[in-house]
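# Descriptive analysis of the structure
Chain residues, written in single-letter form:
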Amino acid sequence: MATIMEIRNLGVGFRPQNAINMTRKWPCKQYLGQKKQNKKSFLVLCSVADQRESKVSSFSEEENVLIDALIGIQGRGAAASPQQLQEVEHAVKVLEGSEGVSEPTSSSLIEGRWQLMFTTRPGSASPIQRTFVGVDSFSVFQEVFLRTNDPRVSNIVKFSEAIGELKVEALATIKDGKRILFQFDRAAFSFKFLPFKVPYPVPFRLLGDEAKGWLDTTYLSPSGNLRISRGNKGTTFVLQRETEPRQKLLSSISTGTRVEEAIEEFISSNKNVANSELELLKGEWQMIWSSQVETDSWIENAGNGLMGMQIVKPNGQLKFLVGILFGIRFSMTGKYEKSGSNTYDVIMDDGAILAGIYGIPVEMESKFTMEILYTDDKIRISRGYNKILFVHVRVHGSNKK
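Before going into details, it helps to say that this report is about the structure given with it. If you're wondering where the values come from, they're calculated on a predicted model, not measured in any experiment. (Residues numbered from 1 in each chain as written. Predicted model: local features only at pLDDT ≥ 70, side-chain atom pairs only at ≥ 80, totals over all residues. Heavy atoms only, no water.)

## Some words on the environment of Gly327
- Examined against the element boundaries, Gly327 turns out to sit in the loop between strand E15 (317–325) and strand E16 (328–338).
- Classification of Gly327 as exposed rests on a relative accessible area of 55%.
- For the pair Gly327 and Ala355, spaced 28 residues apart in sequence, the C-alpha separation works out to 6.3 Å.
- Apart from residues no more than four positions distant in its own chain, Gly327 is found in contact with Leu354, Ala355 and Gly356. (Helix = DSSP H or I, 4+ residues; strand = E, 2+ residues; numbered from the N terminus. Buried < 20%, exposed > 50% of the residue type's maximum accessible area, 1.4 Å probe, protein only. Contact = heavy atoms within 4.5 Å.)

Given below as structure tokens:
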């Protein structure tokens, strides 16, 4: 798989494609830790599969800036806005210029399984690249095992627990402290419903140099939890050993796995936030999941905020905005007023179908109480119309610079 290693015309490389799920499918606890080298550290209490050089699981302040920039980006970068890409690229460069593990390939911290969280667009793309990496419901991993008699780097697409995975393997050689040379030599599907593996039909031996490449690790965190790599065609990859609580929640949403349970666990692990007075933060918020399946009436769904964008303005105005097709949009505007520490009374009463500068009024009215269960600069969990549970991610209007 050339997801993380980038082999031109190999036919097994992965690349993001816009694949956004706007409907239903789109917990470790964080503590402020001790300062180390004038950097704040946030301890994340999660189980670690392997005990290696580092005994403490942590993300530095600079690492948290990158993780925060990744929150809400869908398709592992495929659907990122220019502003989101700029934030990620800046955070990546800061980490690459900071003090990480000096020779990653010589460290045991690089060994094991890593999850691909973000990738820039490679120069070329095979059908599998376009199909897999941009699909949030699939999980993409890289396994690095360099200290064995058969050193390998393998890329894995996990379709689901019930279906199985595709694993593409490469022989690996350490060139220096940062670079791994590799050559793909085998690949196979492992389906849960079959007692044998199904070979992936790629003639690696006939591909010659097309099956070869290299991978530089430009940053490896001292905790062994975050890695930045660049491939032989210039693509940047962000991989994590562990994910932080918001990433775990969004992963559950994208795969449709135990979503309401994941939300409950997330809110419970952030009681200090959930129990404080929560504000309806301004900006553009994309609805990525709701506890109610959409009805047959799209205009009813749009009017009640069950799809599309929610735009919160500072003057007490609220707008639901849903793209229909070919530049035609549905807009529903109204007002909100704070009615409690975490609640707002909302009246939506001005609907219209918009096409350019023209609009057709739609007679609709919706009144409900919005309860904010959790919010930060990137993600919001709330109850809205008909007590439906919603998860929104902020796509524009962040307070952070």
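## Examining unusual backbone geometry
- Of note, Arg258 is a non-glycine position whose phi angle comes to about 50 degrees, a positive value.
- Relative to the helices and strands, Arg258 is located in the loop between helix H5 (245–255) and helix H6 (259–269).
- Classification of Arg258 by relative accessible area gives partly exposed; the value is 43%.
- The phi dihedral of Phe326 is positive, around 50 degrees, even though this residue is not glycine.
- Looking at the secondary structure, you find Phe326 in the loop between E15 and E16.
- The class of Phe326 is exposed, set by a relative accessible area of 79%.

## Considerations on the pattern of salt bridges
- Under the definition given, this model contains 20 salt bridges.
- Among the ionic pairs, Glu161 bridges to Lys158, the shortest N-O distance being 2.6 Å.
- For Glu161, a relative accessible area of 58% gives the class exposed.
- By relative accessible area, which is 23% here, Lys158 ends up partly exposed.
- Between Glu261 and Arg258 there is a salt bridge, with its nearest N and O atoms 2.9 Å apart. (Salt bridge = Lys/Arg side-chain N within 4 Å of Asp/Glu carboxyl O.)

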